[in-house]
Amino acid sequence: MSNIESVLNETRVFEPSAEFVKQANVSGMAGYQALCKAAEQDYAGFWAKLARETLQWKKPFTKSLNESNAPFFKWFEDGELNVSYNCLDKHLAGQPEKTAIIFEADDGKVTKINYRDLHARACQFANGLKSRGIRKGDRVIIYMPMSIEAVVAMQACARIGAIHSVVFGGFSARSLHERITDAQACAVITADAQMRGGKVMPLKPAVDEALAMGGCEMVHSVIVYQRAKPDTVRPDTAWNAQHDIWWHDLVLGQSTACEPEWVGAEHPLFILYTSGSTGRPKGVQHSSGGYLLGAMLSMQWVFDYKAGDIFWCTADVGWVTGHTYVAYGPLAMGATQVVFEGIPTYPDAGRFWKMIQNHKVTTFYTAPTAIRSLIKLGGELPRQYDLSSLRLLGTVGEPINPEAWMWYYNTVGQARCPIVDTWWQTETGCHMIAPLPGAMPIKPGSCTLPLPGIIATIVNEAGDEVHDQHGGFLVIKRPFPSQIRTIWGDPERYKNGYFPEEMRGYYLAGDSAHRDEDGYFWIMGRIDDVLKVSGHRLGTMEIESALVANPLVAEAAVVGKPHDIKGEAIVAFVVLKGARPADPATSAQLAETLRTWVAKTIGPIAKPDEIRFGDNLPKTRSGKIMRRLLRAIANGEEISQDVSTLENPAILEQLKNPVR
Ligand code: PRX
């Protein structure tokens with residue numbers, strides 16, 4: 001602890017306080033090791049025991065893991081349950097009055113809802129969905145702002161066995177269209193608008209636009225939650241009486257009781273689209289039983305959940321973090337959680353700290369990018385608020401740099417709260433490598449050790465385990481309950497992408513990592529063409545496809561470059577169909593046109609930070625774009641690499657000039 005100020009020293013270790021250890025759900029390294037040992041001794045039995053103790057089953061399962069059709073694993077397959085029952089009904093007898101959600105709107109208005117009322121609203125909305133003919137197995141797109149209604153919509157789908165696919169409200173009509181058609185959804189749940197940073201941003205028009213793009217004939221219902229005042233947004237809200245219906249009209253007169261649809265443990269709970277290394281996002285399909293088990297165990301193990309906690313995960317429900325640690329995990333635990341509509345910088349950069357103070361948040365979980373931007377905008381601001389309610393902090397989504405970690409630890413956590421740096425993915429459903437905060441010491445920048453029952457290791461290209469510090473590919477050796485089941489409609493892509501032959505049946509996460517002498521994992525970054533921009537996952541190919549779809553563009557290559565706040569910035573190298581613009585003003589104008597085009601095609605999060613024009617792209621003689629060269633150029637590095645295989649070396653000079 002003595003060298004706490006030296007932010008470049010990677011050897012710092014922070015032990016949990018004796019007080020924290022004493023109250024922890026898993027106490028001390030011995031507690032952690034005992035769980036790991038139990039998993040080692042009887043892997044399937046370990047998970048079966050936890051699944052019996054943690055979940056409520058309508059029909060108990062008799063089988064734990066079924067590996068007969070690897071890598072299409074099944075868990076608890078002959079058991080039946082309902083996820084919404086496990087999140088809501090379960091609490092009705094014991095704690096119906098307990099606040100489930102403290103919702104804070106963008107403008108600061110607070111609405112609280114208890115478990116009884118949340119259950120009633122989920123049932124009522126579920127009955128509304130049924131009245132539109134929506135049934136078990138149907139796909140429903142949810143394109144909504146952060147709200148109690150978004151959680152109700154997800155829970156209602158789970159209740160009737162419909163498979164939801166939440167699309168982040170910041171995605172464009174085209175991205176929405178891609179997801180509606182890939183999932184073959186029959187309904188879209190949306191809102192007239194969303195409120196962010198004091199602005200009213202219409203949402204429904206993007207749905208109208210998506211449906212007009214064609215191939216959406218199967219969509220028979222568009223359910224619209226009225227978020228904005230009618231006079232602020234209604235003129236934007238075109239109405240198609242054939243399929244549009246207001247949320248409040250749909251639930252009118254519906255019963256507040258709805259018998260859950262009991263489904264098999266393997267029934268898909270949701271599909272969530274995420275970027276991969278091709279141009280097309282992949283629909284990650286999750287199960288019901290295994291997924292919920294992972295969500296609940298990680299709430300207990302990693303978030304050390306206690307009944308008195310006020311839990312706050314700042315992620316949007318459009319991302320997996322908002323699924324597992326907003327819509328499902330906290331509710332299944334019977335927690336009180338904060339749901340926030342707005343943004344961390346409105347009305348000022350003290351918003352998060354003020355909310356922690358006002359709602360007496362005990363457990364706060366956010367992304368490194370938010371932490372970095374709040375340091376920049378007001379590193380001293382947390383000190384103006386009473387943050388004494390906090391007992392645990394968490395981060396997710398990208399590696400956290402030690403400086404940001406130390407600030408989070410000292411300024412927000414007041415050197416009192418352990419930080420859980422949680423490594424996981426859309427595909428893993430819940431935390432995989434993360435501290436159990438009352439068990440293991442933490443190190444700034446390391447996600448520490450795998451959760452009990454998660455057999456993670458690092459291998460080389462041949463699939464052999466590596467134990468030195470050079471690192472390699474992060475893999476998970478054994479199937480685990482919360483993992484991806486397949487890619488919706490594309491089992492081959494699932495198999496080839498995550499279980500390539502040379503990996504010997506291990507799950508290939510797509511990250512590189514190394515381990516230190518204590519066995520702690522340090523994530524180094526992606527091994528594929530996936531960028532992490534403000535913690536959001538974007539495929540370079542996806543952005544390239546968007547650029548090439550512009551009539552002006554002949555060819556494009558996209559790479560990432562380190563960015564202080566966003567983690568990575570997007571740099572696009574573009575070859576135009578016509579001549580390269582001769583003067584800087586035309587270049588700048590064109591670059592702006594293309595940046596806006598990408599924002600419109602995919603969503604504002606994918607907008608390139610920089611565009612550079614060239615007559616060509618650096619290619620090998622066989623025609624392959626040399627991305628490592630482009631990365632070096634984007635980073636302003638001297639090119640030290642071998643360029644002898646480069647077809648057109650002169651082009652490098654042109655590409656060195658950024659146009660912002
Ligand atoms: O590269 C890793 C990074 O985020 C990727 C998964 O992204 P996504 O599916 O969008 O899920 C993000 C939220 C779970 C991983 O392959 N990543 C996630 N958490 C961490 C991380 N990198 C370093 N440290 C983390 N804690």
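A. Spatial organisation of the overall build of the chain. Scanning the chain from N- to C-terminus turns up 20 helices and 30 strands. Relative to the globule expectation of 26 Å for 660 residues, the C-alpha radius of gyration of the chain, 25 Å, shows essentially globular dimensions. Along the three orthogonal principal directions, the C-alpha set of the chain runs to about 75 × 65 × 60 Å. Considering the chain as a whole, with its 660 residues, one finds that 61% of them fall into the buried category. The contacts in the chain between residues at least 6 apart in sequence include a share of 71% that link residues at least 24 apart. A total of about 24,700 Å² of accessible surface is found on the chain, and carbon and sulfur atoms cover 52% of it. Placing the 67 positive and 72 negative side-chain charges of the chain at their respective mean positions leaves the two points 3 Å apart.

B. The arrangement of the sheet that holds strand β22 (residues 472–476) in detail. With respect to topology, 4 strands assemble into an open sheet ordered β21-β22-β24-β25, the strand pairing being antiparallel. At either margin of the open sheet sits one strand with a lone partner, and together these are β21 (456–459) and β25 (521–526). Going across the sheet, the axis of each strand differs from the next one's by a mean of 45°, ignoring polarity. Here 4 bridges tie β21 to β22, and the two strands are oriented antiparallel to one another. Bridged to V459 within β22 is F473.

C. Structural detail: the site of the ligand. In the vicinity of the ligand, 17 residues are found, and the nearest of them are D421, T422, T426, R526 and R537. Within the backbone of G397, an N or O atom sits 3.1 Å from a nitrogen atom of the ligand. Computed on the free molecule, the ligand has an accessible area of 540 Å², of which 96% lies beneath the protein chains in the complex.

D. Looking closely at the nonpolar core. Residues W47, F125, I180, I189, W247, Y328 and V574 are the most contacted members of the largest nonpolar core, which totals 168 residues. In terms of residue count, the dominant contributor to this core is helix α6 (residues 148–160) (10 residues). Those residues within four positions of I180 in sequence are excluded, and the remaining contacts are I141, A185, V188, A210, L211, C216, M218 and V219. In terms of nonpolar packing, the next biggest core, distinct from the first, is built from 32 residues, A370, L387, Y409 and V412 among them.

E. A look at empty space enclosed by the protein. For the structure shown, the criterion picks out 5 cavities of 30 Å³ or more. By volume, the largest cavity amounts to about 80 Å³. Residue lining of the largest cavity: 14 residues in total, with W47, G294, C430, L451 and I454 positioned closest to the centre. Examining the composition of the lining of the largest cavity, we find that 4 residues originate from one element, helix α11 (residues 289–301), more than from any other. Taken together, the residues of the lining of the largest cavity break down into 10 nonpolar, 4 polar and no charged.

F. Representation of the pattern of salt bridges in the model. Evaluation of the coordinates by the stated rule reveals 36 salt bridges. Here E266 makes a salt bridge to R485, at a shortest N to O gap of 2.8 Å. Separated by 219 residues along the polypeptide, E266 in the loop between β13 (263–264) and β14 (270–274) and R485 in the loop between β22 and β23 (486–487) bring together distant segments of the chain. For the salt bridge of E653 with K656, the shortest nitrogen-to-oxygen distance reads 3.1 Å. The network of salt bridges with common partners includes D304, K306, D309 and R391.

G. Looking closely at the packing of helix α14 (residues 368–378) against helix α15 (residues 402–412). Two elements in contact, α14 and α15, have axes whose closest approach is 10 Å; the angle formed by their N-to-C orientations is 75°. One way to sum up the angle between α14 and α15 is to call them roughly perpendicular. Taking contact as the criterion, the partners of I371, R372 and I375 in α14 are, on α15, A404, W407 and Y408.

H. Region of the structure containing the packing of aromatic side chains. Going through the model one piece at a time under the given rule, you end up with 40 aromatic pairs. Between W47 and W75 the ring centres are 6.3 Å apart and the planes differ by 75°, which places this aromatic pair in the edge-to-face class. With W47 in helix α3 (residues 43–54) and W75 in strand β2 (residues 74–75), this pair connects stretches of sequence that are 28 residues apart. Grouping residues by exposure puts W47 and W75 together as buried. When the centroid spacing of 4.7 Å and the interplanar angle of 20° are considered together, the rings of W239 and W246 count as stacked. Under the relative-accessibility criterion, W239 is labelled partly exposed at 37%. On the basis of relative accessible area, W246 is assigned to the buried category, the value being 9%. The structure contains a cluster of three or more aromatic residues connected by ring pairs, namely Y43, F46, W47, W57, F61, W75 and F76. Sitting over the ring of F171, R179 keeps its end group 4.5 Å from the ring centre. Positioned above the aromatic ring of Y520, the side-chain terminus of K443 is 4.4 Å from the ring centre.

I. Main features of the pairing of strand β7 (residues 163–166). Here β7 shows a buried face lined by I163 and S165 and a second buried face lined by H164 and V166. Relative to β7, strand β6 (residues 139–143) is paired through 4 bridges, and the arrangement is parallel. Residue pairing for β7: I141 is matched across the bridge by S165. Crossover β6 to β7 through α6 is right-handed.

J. Broad picture of the sheet that holds strand β30 (residues 610–613). Reading across the sheet, the 3 strands line up as β28-β29-β30 and stay open at both edges, with mixed pairing between neighbours. Of all the strands in the sheet, just β28 (553–563) and β30 have a single pairing partner and so form its edges. Pairwise comparison of adjacent strand axes, ignoring direction, gives a mean angle of 25° for this sheet. With 10 bridges connecting them, β28 and strand β29 (residues 567–576) associate as antiparallel partners. Across the sheet, A557 pairs through a bridge with F573, a residue of β29. Set on the sheet, helix α17 (residues 540–548) makes contact with β28 and β29; between it and β28 the angle comes to about 145°. Packed onto the sheet, helix α18 (residues 584–601) meets β28, β29 and β30 and runs at close to 125° relative to β30.

Rules used in this analysis
- Residues numbered from 1 in each chain as written.
- Predicted model: local features only at pLDDT ≥ 70, side-chain atom pairs only at ≥ 80, totals over all residues.
- Heavy atoms only, no water.
- Helix = DSSP H or I, 4+ residues; strand = E, 2+ residues; numbered from the N terminus.
- Rg over C-alpha atoms; globule rule 2.2 N^0.38 Å.
- Buried < 20%, exposed > 50% of the residue type's maximum accessible area, 1.4 Å probe, protein only.
- Contact = heavy atoms within 4.5 Å.
- Areas by Shrake-Rupley, 256 points an atom, 1.4 Å probe, with all protein chains shown as cover.
- Lys, Arg positive; Asp, Glu negative; His and termini not counted.
- Charge placed at Lys NZ, Arg CZ, Asp CG, Glu CD.
- Pairing = 2+ DSSP bridges.
- Axes fitted to C-alpha atoms, helices over the stretch in contact; angles between N-to-C directions.
- Near = heavy atom within 4 Å.
- Polar contact = N/O pair within 3.5 Å; in protein donor to acceptor, adjacent residues only side chain to side chain.
- Core = buried A, V, L, I, M, F, W, Y, C linked by side-chain atoms within 4.5 Å.
- 1 Å grid on protein atoms, 1.4 Å probe; cavity = no way out; pocket = protein on both sides within 12 Å on 5 of 7 lines; lining within 4 Å.
- Points joined across faces, edges and corners; volume = space filled by probe spheres on them.
- Nonpolar A, V, L, I, M, F, W, Y, C, P; charged D, E, K, R; others polar.
- Salt bridge = Lys/Arg side-chain N within 4 Å of Asp/Glu carboxyl O.
- Parallel < 35°, antiparallel > 145°, perpendicular 65-115°, else oblique.
- Phe/Tyr/Trp six-rings, centres within 6.5 Å; stacked < 30°, edge-to-face > 60°.
- Lys NZ or Arg CZ within 6 Å of the ring centre and 35° of its normal.
- Right-handed = clockwise from strand over helix to strand, strands pointing away.

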